[in-house]
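# Architecture and fold: a report
Okay, here's what each chain looks like letter by letter:
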Amino acid sequence: MTDIGVRAVRQGVRRGADRIGAATPPGRDRAVDALRAAAVLGVVLGHWLVTALVSDGRTLRTASPLQHMPWLAPISWMFQTLAVFFLVGGHVATRGHASARARGVPYHQWLTGRLTRLFKPVAAVLGLWTVAGLALLLSGTEFGTVRTLVKLALAPLWFLVVFAGLTAATPLLARLSPLWPLAVVLHVDLLRFGLGGPAWLGWVNVAAAWMVPYTLGAAWTRGELERRRAGWILLGAGAAATAALVAWAGYPASMVGVPGGGMSNLDPPTLAVVTFGLAQCGLALLLRERLRHATRRPVVWAAVALVNLSAMTVFLWHQTALMATTATGLLAGRLPGLHTPPDGFGWVGVRLLWLPVFALALAVCWAAFRSFERGGGGRGRRSRVVRSHRPSDRGTAAKARHV
């Protein structure tokens, strides 16, 4: 590309960023959007780095570099960001519900609006993978391969079910102390691992574990987490508790599931992943001012806003992008870092080179299915995904606005 072309691209990016900035309400707490974007991208990059589809003849099976290189566990600490997403979700939902009540909007109307925006993009994922799964089976593809692909594609839906349940319970959770669900997780793990209780008890933690950061988000709305001391306490106590659980209580160091592993911190959630989430939430709270400062830059804010406006599309389709790249690559043979076992550091290096290809495939999915997240309202419909939030309004909720 010539220098003139580069300058033209830069000018176009700046103009677009300036338009997004001009359309942003001045009272918006941009740190909220930055944290949401970081949480979504963390999950996406984490899956792309630790999920491998290994080709064994005609069959594809899942594998993870964490199986062969457990010393890579810190990668899961960087990219397992679900607690931050639930923190932001709890904050946004409790503010939104308070704002709806102040405007006289009934609970059922508020909930219907939120769940509709949450689940409309799911229809496209379910529809495509229902057709794709049947087509693969009819074409003679191994059942194990089809099951692996469909399971990976639909795995993100468990998160939406939990998030929808917590959203529906927002009026009840708005003033609940995070210590209550934390106590539930603690006792469930004590019964399971300490007293030999039944394994099914762990599924109680699917709701209780993610209720902890969600209710922390409600405490943020109430103005109880504005002081930096709260962030430091959460970060320090959460990190210390997690280290103790891993070092002395037998919890895995990885904060994601590892195929073939005897115990998972995530499936179902354990006390270790909850204390780790507390540390993440503490760090997120400490970073709020820096994020507000960083997002004053037009290009940075434009990137954050665009991720937020497409958050559900990115989240729901990133595994499909991974699988589409893997399947297409099979046409060229067994490619390193894509179809080979993740059993060495060389695989990690090659895998990093595949990330831009996965991102390109995700961009194609975004272009094809973004309209479902918009609600199918056409070009004139304004997005309801990103809303404004004021950083320190303790008594009342800010009125929701569109970008």
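Below is a summary of the structure that appears in this document.

What counts, and where the lines are drawn
- Residues numbered from 1 in each chain as written.
- Predicted model: local features only at pLDDT ≥ 70, side-chain atom pairs only at ≥ 80, totals over all residues.
- Heavy atoms only, no water.
- Axes fitted to C-alpha atoms, helices over the stretch in contact; angles between N-to-C directions.
- Helix = DSSP H or I, 4+ residues; strand = E, 2+ residues; numbered from the N terminus.
- Parallel < 35°, antiparallel > 145°, perpendicular 65-115°, else oblique.
- Left-handed = near helix turned anticlockwise from the far one by under 90°.
- Contact = heavy atoms within 4.5 Å.
- Nonpolar A, V, L, I, M, F, W, Y, C, P; charged D, E, K, R; others polar.
- Core = buried A, V, L, I, M, F, W, Y, C linked by side-chain atoms within 4.5 Å.
- Buried < 20%, exposed > 50% of the residue type's maximum accessible area, 1.4 Å probe, protein only.
- Salt bridge = Lys/Arg side-chain N within 4 Å of Asp/Glu carboxyl O.

## Digging into the packing of helix H5 (residues 82-102) against helix H6 (residues 107-138)
Direction vectors running N to C along H5 and H6 enclose 140°, while the axes themselves pass 10 Å from each other. By the angle class used here, H5 and H6 are oblique. Our pair here, H5 against H6, has a crossing hand that is right-handed. Contacts between H5 and H6 pair Val92, Ala93, Gly96, His97 and Ala100 from the former with Tyr107, Trp110 and Arg114 from the latter. Taken together, the residues of the contact of H5 with H6 sort by class into 5 nonpolar, 2 polar and 1 charged.

## Observations regarding the nonpolar core
Considering soluble globular proteins, one finds that nonpolar side chains tend to be buried as a cluster. If you look at the biggest cluster of nonpolar residues, it comprises 90 residues, and the most contacted ones within it are Phe86, Phe159, Leu160, Leu166, Leu316 and Trp317. Sequence-distant contacts of Leu316, that is, excluding residues within four places in its chain, are made with Pro121, Val122, Val125, Ala153, Leu157 and Leu160. Counting residues in hydrophobic clusters, the runner-up holds 9 residues, among them Ile20, Trp301, Ala305 and Val307.

## Observations concerning the pattern of salt bridges
Overall, the coordinates contain 7 salt bridges when judged by the stated rule. Among the salt bridges present, the one from Arg36 reaches Asp33, with a minimum N-O distance of 3.1 Å. Of this pair, Arg36 and Asp33 both sit in helix H2 (residues 30-50), 3 residues apart, roughly one helical turn. The burial state of Arg36 is the same as that of Asp33; both residues are buried. Measuring nitrogen to oxygen at the nearest pair gives 2.8 Å for the salt bridge that ties Arg222 to Glu224. We classify Arg222 as buried; its relative accessible area is 18%. Counted as one network, the salt bridges with shared partners bring together Arg28, Asp33 and Arg36.

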